[in-house]
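An overview of the molecular structure
Each chain, written out:
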Amino acid sequence: MAIDVKKIEEHIRGILEALGENPDREGLVDTPKRVAKMYEEVFEGQNYSNDEIAEMFGTTFEEDFYVSEDSREMVMMKDIDIFSHCEHHLALMYNMRVSVAYIPKERIIGLSKIARISDMVGRRLQLQERIGSDIAEIMQKVTKSEDVAVIIEGEHGCMTVRGIKKTNAKTVTTTLRGKFKTDETLYNKLILQLFR
């Protein structure tokens, strides 16, 4: 599904009018076009399904090490900066840090691909919980590993600048799949790595 830039321009013009502004004044005349271009960029992830993102960033490498079925070896990338937008208020979710861990099977994913997956998933209207779930699903598809964990910490504009206005409030979500959900020792190892 392509983002309809022209329709966004029309609606932003209408919002400006509804706010009592003159969309034809010098400072606002190009605002609908600029906002539409910005939305096309920040909501790019709307254009792709999880399967399509997995295909886009699915480069993996076969490694010459053997990982046994009961292995607890894990790969972790932490503090991946992303942003997103809350589907309830279209408010920015910011200062978001994503940590992704997985236990390799026969293949490993290129490290930059983990960051690219996280970034693209963030570029949707959604809830923070869904970001973690979608990243985990894509990681499972790409790595063929059931053992994936995604931890996200972020601040939400709908909490910090409107409504309750709690500027220091942070939301932390965890998505645990496979052994990360069932193996307490592995989970503890994950938590230890996160807060190192």
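Let me begin by describing the structure that accompanies this report. (Residues numbered from 1 in each chain as written. Predicted model: local features only at pLDDT ≥ 70, side-chain atom pairs only at ≥ 80, totals over all residues. Heavy atoms only, no water.)

1. Section: the state of the cysteines
Applying the stated criterion across every chain yields a total of 0 disulfides. This cysteine, Cys-86, is not joined by any disulfide, and Cys-158 carries the nearest cysteine sulfur, 4.0 Å off. Among the residues examined, Cys-86 registers a relative accessible area of 5% and is labelled buried. (Disulfide = S-S within 2.5 Å. Buried < 20%, exposed > 50% of the residue type's maximum accessible area, 1.4 Å probe, protein only.)

2. Some remarks on helix H1 (residues 5-18)
The first and last C-alpha atoms of H1 sit 20 Å apart over 14 residues, in line with the 20 Å expected at 1.5 Å per residue. Within the span of H1, buried status applies to Ile-8, Glu-9, Ile-12 and Leu-16. Buried residues along H1 cover an arc of 100° about the axis, so they all sit on one side. Facing away from the buried side of H1 by over 90 degrees, the exposed positions are Lys-6, Glu-10 and Ala-18. (Helix = DSSP H or I, 4+ residues; strand = E, 2+ residues; numbered from the N terminus. Expected span 1.5 Å × (residues − 1). Arc of directions from axis to C-beta.)

3. Re the layout of surface pockets
Taken as a whole, the largest pocket encloses approximately 290 Å³ of empty space. Around the largest pocket, the lining comprises 12 residues; the ones closest to its centre are Ile-8, Ile-12, Tyr-39, Phe-43 and Leu-90. Of all the elements in the fold, those that place two or more residues in the lining of the largest pocket are H1 and helix H2 (31-42). Taken together, the residues that form the lining of the largest pocket break down as 11 nonpolar, 1 polar and no charged. (1 Å grid on protein atoms, 1.4 Å probe; cavity = no way out; pocket = protein on both sides within 12 Å on 5 of 7 lines; lining within 4 Å. Points joined across faces, edges and corners; volume = space filled by probe spheres on them. Nonpolar A, V, L, I, M, F, W, Y, C, P; charged D, E, K, R; others polar.)

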